[in-house]
Amino acid sequence: MKMLRKLIQAPSMEPFTVEELAAHTHADDDHHDYLQSLVPRARKRFEQRSGRLLVEQAWQFAMPKFCKEIHLPYAPLRSITSIKYISNLGQLVTIDPSEYRVIEHGLTAIITPKLGGHWPAVGFKVADAVQIECVFGHAAVDDNTIDAATMLDQDKYDLAKQAILVLIGDWFRNREDTAPVKLYDMPNAFKAIADELAVELI
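The structure displayed is predicted, hence computed values, not measured ones. Residue numbers restart at each chain and count upward from 1, following the sequence in its written direction. Only residues with pLDDT of at least 70 are given local features in this predicted model, and only at 80 or more are side-chain atom pairs given and counted; all residues enter the totals for whole chains, interfaces and linings. Each side-chain value is derived from all of the structure's non-hydrogen atoms; neither hydrogens nor water enter the calculation.

(A) Layout of the overall build of the chain. Helix and strand assignments follow DSSP, with helices taken as H or I runs no shorter than four residues and strands as E runs no shorter than two, numbered in order from the N terminus. On a plain count of helices and strands, the chain comes out with four helices and 10 strands. Secondary structure elements in the chain, listed N-terminal to C-terminal, are β-α-α-β-β-β-β-β-β-β-β-β-α-α. C-alpha atoms of the chain, sized along the principal axes, occupy 60 × 45 × 30 Å. Within the chain, the fraction of its 202 residues that count as buried is 43%. Contacts spanning at least 24 positions in sequence make up 74% of the contacts within the chain whose residues lie at least 6 apart. A 1.4 Å probe and the Shrake-Rupley method give the accessible areas. Residues count as covered only by the protein chains that appear here. For the chain, the accessible area works out to roughly 11,600 Å², and carbon and sulfur atoms hold 50% of it. The charged-residue count follows a simple rule in which Lys and Arg add positive charge and Asp and Glu add negative charge, with His and chain termini not counted at all. Charge positions come from single atoms, namely NZ of Lys, CZ of Arg, CG of Asp or CD of Glu. Positive and negative side-chain charges of the chain, numbering 22 and 28 respectively, have mean locations separated by a distance of 10 Å. Each residue gets one of three labels from its accessible area relative to the maximum for its type: buried under 20%, exposed over 50%, partly exposed in between, using a 1.4 Å probe on protein chains only. Two residues form a contact once any of their heavy atoms are found within 4.5 Å.

(B) Focus on helix α4 (residues 188-196). Here α4 has its buried residues at Phe190, Ile193 and Ala194. Buried residues of α4, viewed axially, fall in a sector of 100 degrees; they line one side. Facing away from the buried surface of α4 by more than 90 degrees, the exposed residues are Asn188 and Glu196. On its buried face, α4 sits against α2 (32-50) and α3 (154-173). In this description, the arc belongs to the directions extending from the helix axis to the C-beta atoms.

(C) Representation of the sheet that holds strand β6 (residues 100-104) in the model. Strands are treated as partners if at least two bridges between them are detected by DSSP. Read across the open sheet, the three strands follow the order β3-β7-β6; overall the sheet is antiparallel. Single-partner strands in this sheet number two, and they are β3 (70-71) and β6. Bridge count for β6 against strand β7 (residues 109-113) is five bridges, and the pairing is antiparallel. What sits directly across from Arg101, in β7, is Thr112.

(D) View of the packing of α2 against α4. The N-to-C vectors of α2 and α4 enclose an angle of 50 degrees; their axes lie 8 Å apart at closest approach. Looking at the two axes, α2 sits oblique to α4. For the pair α2 and α4, the sense of crossing is right-handed. Taken together, the residues of α4 that come into contact with α2 (itself represented by Arg45, Phe46, Arg49 and Ser50) are Phe190, Lys191, Ala194 and Asp195. Each residue is assigned to one class: nonpolar for Ala, Val, Leu, Ile, Met, Phe, Trp, Tyr, Cys and Pro, charged for Asp, Glu, Lys and Arg, and polar for all the others, Gly among them. Among the residues making up the contact of α2 with α4, the classes are represented as three nonpolar, one polar and four charged. Lines fitted to C-alpha atoms define the axes, with helix axes restricted to the stretch in contact, and inter-axis angles between N-to-C directions lie between 0 and 180 degrees. Convention used here: angles under 35 degrees read as roughly parallel, angles over 145 as roughly antiparallel, angles from 65 to 115 as roughly perpendicular, and any remaining angle as oblique. Each crossing gets its hand from how the near helix is turned against the far one by less than a right angle, where anticlockwise is left-handed and clockwise is right-handed.

Here it is, written out as structure tokens:
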């Protein structure tokens, strides 16, 4: 089933320090601002390709009706803020968390009704009859710093950062996209890591 997606709260910070960027690219101080400007683009490119989100961010998904199993398209899941549906009175009703299960087994999370339960019927067949808000991201932010104590899967987070650094380094070295022949659209190392960390969609 087609699922509409909307970012409702972007990451409050990026996962790289100036020192990390400079060490990878060997850039001098004059280029630090330019390097930092590349980070959001490179992070988003990785997240779009892999479905794996680095720093906590909130998303809303919308569907015309409930399905037996709702497969969330991003990982890792930190929390579900709410699941709502439009009733036959046209009201947006919030489902109590005790009425559904969150199954985190594998690379993505699945939401199902509680054991022996079922999803309510929506009142109107519109694209956003079911609305789900979730928070995703390997790293949480505490006092404008990455909170290492609540990190989800540090190894995958570090590998994802490595892929993004590869892409930033490539953009930094090749700032003008002009050549007689276009050799590649992104570094092979970036593609390989992003594909290795990609979430499973069923």
